Amino acid sequence: MENKALIFGHKNPDTDSICSSMVHEILDRKNGYETKAVRLGKINKETQYVLDYLKLEAPELIEKVEEGQPVLLVDHNEFNQSVEGIEKAKILGVTDHHRIANFETAEPLYYNARPYGCTATILLEDFKKCNQTIEKKEAVLMLSAIISDTLLLKSPTTTEQDKKALEELAKIANIDVNQYGLKMLKAGTDLDDFSCEELINLDAKTLEKDGTKYIIAQVNTVSIEDVLKREEEIKKAIEKEISDKGLDLFVFAITDILNSNSEIIALGKKAGVINSAFGKELENDKAFLEGVVSRKKQLLPNIDKNI
Ligand code: MN
Ligand code: MN
């Protein structure tokens with residue numbers, strides 16, 4: 001067992017999960033605590049862009065944790081999105097901006113939740129509370145996470161705090177956020193090397209409600225049409241996932257980050273929920289959802305309510 005507390009975000013880590021783990025470790029060190037950022041999955045291309053920009057190595061990959069392992073969670077709390085063995089780990093703290101569900105601890109903990117658009121926005125406040133200086137490295141990590149989670153402040157999950165944080169971090173990092181942000185987001189939309197199985201798992205969240213098990217997966221793109229060239233193959237991959245995992249529903253959102261819309265593919269015996277959730281009939285298992293870009297604020301709550 002690792003003595004140091006391990007810090008990690010959710011499975012299928014996104015830029016916020018990786019960058020916030022790293023920033024948490026940096027802040028802990030400044031405060032005199034030895035912790036270690038790790039990750040629960042492959043680095044995506046968007047996050048790789050950030051790491052390359054800063055010439056940093058990715059945190060170490062872990063598969064599971066042992067009983068009693070001290071851990072700190074960022075960017076998630078639900079056990080089904082966390083590491084294998086989380087039920088028996090010692091959760092020291094959580095820094096998160098999601099709903100709280102499927103979460104329970106045996107002991108008291110630090111729980112730092114704010115309804116902001118990004119975990120990194122919470123961490124910026126932590127830096128200030130601890131009176132610690134913010135250097136360029138952590139500034140770029142935090143602003144990258146904010147750009148990613150809020151799609152350059154265009155997502156409806158964006159809060160005033162995120163806007164202020166991004167502005168402040170951009171000054172510290174001396175970076176043109178629009179230019180940097182677009183390059184970073186575009187790096188993440190290069191989907192060509194992924195097989196359809198990989199595509200539907202790149203950013204997939206497993207959810208459960210009253211015994212209904214479902215997944216909402218999302219990919220960002222600058223051309224929905226381009227992704228749909230593989231529509232039939234994608235559907236086959238989804239059908240396989242549904243039968244392998246015994247799912248009732250799989251929603252795959254293809255999100256156009258330039259125009260802020262999503263095309264969704266919904267399969268499974270509960271696919272009819274899309275109609276009640278968004279007032280749109282599925283055509284050929286698909287629906288175009290105008291203005292929908294956020295899983296957390298738009299897709300998930302509407303689907304969850306209607307399941
Ligand atoms: Mn995340
Ligand atoms: Mn996040």
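Residues numbered from 1 in each chain as written. Chains lettered and ligands numbered in written order. Predicted model: local features only at pLDDT ≥ 70, side-chain atom pairs only at ≥ 80, totals over all residues. Heavy atoms only, no water.

A.B. asks: Even after reading the chapter, I still don't get the sheet that holds strand S5 (residues 90-96), so can you show me in this structure?
C.D. replies: Strand pairing in a sheet takes place through backbone hydrogen bonds and is either antiparallel or parallel in direction. As summarised here, the arrangement of the six strands in space is S3-S2-S1-S4-S5-S6, forming an open sheet in which the pairing is parallel. Each having just a single partner strand, strand S3 (60-61) and strand S6 (110-113) make up the two edges of the open sheet. Two strands pair when backbone bridges link them, and strand S4 (residues 70-74) and S5 are joined in this way by five bridges, in the parallel orientation. If you follow Val 71 over to S5, its bridge partner there is Ile 91. Across the sheet, helix H3 (residues 119-129) is in contact with S4, S5 and S6; its angle to S5 comes to roughly 100°. (Pairing = 2+ DSSP bridges. Helix = DSSP H or I, 4+ residues; strand = E, 2+ residues; numbered from the N terminus. Contact = heavy atoms within 4.5 Å. Axes fitted to C-alpha atoms, helices over the stretch in contact; angles between N-to-C directions.)

A.B. asks: Teacher, can you tell me more about the environment of Thr 150 here?
C.D. replies: For Thr 150, the position within the fold is in helix H4 (residues 136-150). Classification of Thr 150 by relative accessible area gives buried; the value is 0%. Remark: the alpha-carbon pair of Thr 150 and Gln 132, spanning 18 residues in sequence, is separated by 25 Å. (Buried < 20%, exposed > 50% of the residue type's maximum accessible area, 1.4 Å probe, protein only.)

A.B. asks: Would you mind showing me how to read the coordination of the manganese ion (ligand 1) here?
C.D. replies: Perfect tetrahedral coordination of a metal by four donors corresponds to 109.5 degrees between them, and perfect octahedral coordination by six donors corresponds to 90 or 180 degrees. Coordination sphere of the manganese ion (ligand 1), protein contribution only: His 10 (NE2), Asp 14 (OD) and Asp 75 (OD), at 2.1 to 2.3 Å. In the primary structure, the donors to the manganese ion (ligand 1) are separated according to the pattern H-x3-D-x60-D. A gap of 3.5 Å separates the manganese ion (ligand 1) and the manganese ion (ligand 2), which Asp 75 links by coordinating each metal. Note that His 10 is positioned in the loop between strand S1 (5-8) and helix H1 (15-30) and Asp 75 in the loop between S4 and S5, a separation of 65 residues in sequence. (Donors = N, O, S within 2.8 Å, 3.2 Å for Na, K, Ca; no water.)

A.B. asks: In this structure, what is going on with the sheet that holds strand S9 (residues 249-256)? I would like to understand it.
C.D. replies: The mixed open sheet is built from five strands, whose spatial order is S7-S8-S9-S10-S11. Two strands close off the open sheet at either side, each with one partner strand: strand S7 (204-209) and strand S11 (286-290). When the angles between neighbouring strand axes are averaged without regard to direction, this sheet yields 20°. For S9 and strand S10 (residues 261-267), the ladder comprises seven bridges, and the chain directions are antiparallel. Looking at S10, one finds that Val 251 is bridged to Ala 266. Packed onto the sheet, helix H9 (residues 231-245) meets strand S8 (212-221), S9, S10 and S11 and runs at close to 50° relative to S10. Sitting on the sheet, helix H11 (residues 295-306) touches S7, S8, S9, S10 and S11, and the angle it makes with S8 is about 155°.

A.B. asks: Just to check I follow, could you spell out the packing of H1 against H3 for this structure?
C.D. replies: Each pair of packed helices can be described by the angle between their axes along with the distance between the axes. At their nearest, the axes of H1 and H3 sit 9 Å apart, and the two run at 10° to each other. Between H1 and H3, the crossing angle belongs to the class labelled roughly parallel. Here H1 contributes Asp 16, Ser 20, Val 23, His 24, Ile 26, Leu 27 and Lys 30 to the contact with H3, which in turn contributes Thr 119, Ala 120, Leu 123, Asp 126 and Phe 127. Grouping the constituent residues of the contact of H1 with H3 by class yields six nonpolar, three polar and three charged. (Parallel < 35°, antiparallel > 145°, perpendicular 65-115°, else oblique. Nonpolar A, V, L, I, M, F, W, Y, C, P; charged D, E, K, R; others polar.)

A.B. asks: I would appreciate a short explanation of the coordination of the manganese ion (ligand 2) in the present structure.
C.D. replies: At the metal site, the manganese ion (ligand 2) is ligated by Asp 16 (OD), Asp 75 (OD), His 97 (NE2) and Asp 149 (OD), and these contacts range over 2.1 to 2.2 Å. Written as a sequence motif, the donor residues of the manganese ion (ligand 2) are D-x58-D-x21-H-x51-D.

A.B. asks: Teacher, can you tell me more about the pattern of salt bridges here?
C.D. replies: When charged atoms on two side chains of opposite charge get close, those side chains can pair. All told, the structure shown has 23 salt bridges when counted by the stated rule. The partner of Asp 304 in a salt bridge is Arg 99, with the nearest N and O atoms 3.7 Å apart. Of this pair, Asp 304 sits in helix H11 while Arg 99 sits in the loop between S5 and S6, and the two are 205 residues apart along the sequence. Salt bridges sharing partners connect three or more residues here, namely Lys 4, Glu 25, Arg 29 and Glu 34. (Salt bridge = Lys/Arg side-chain N within 4 Å of Asp/Glu carboxyl O.)

A.B. asks: How do you make sense of the packing of H4 against helix H5 (residues 160-173) when you look at a structure like this?
C.D. replies: Two numbers describe how H4 lies on H5: the axes approach to 9 Å, and their chain directions differ by 145°. As H4 packs across H5, the resulting crossing turns out to be left-handed. Taken together, the residues of H5 that come into contact with H4 (itself represented by Lys 136, Ala 139, Val 140, Met 142, Leu 143, Ile 146, Ile 147 and Thr 150) are Asp 162, Ala 165, Leu 166, Leu 169, Ala 170, Ile 172 and Ala 173. Looking at side-chain class alone, the contact of H4 with H5 contains 12 nonpolar, one polar and two charged residues. (Left-handed = near helix turned anticlockwise from the far one by under 90°.)

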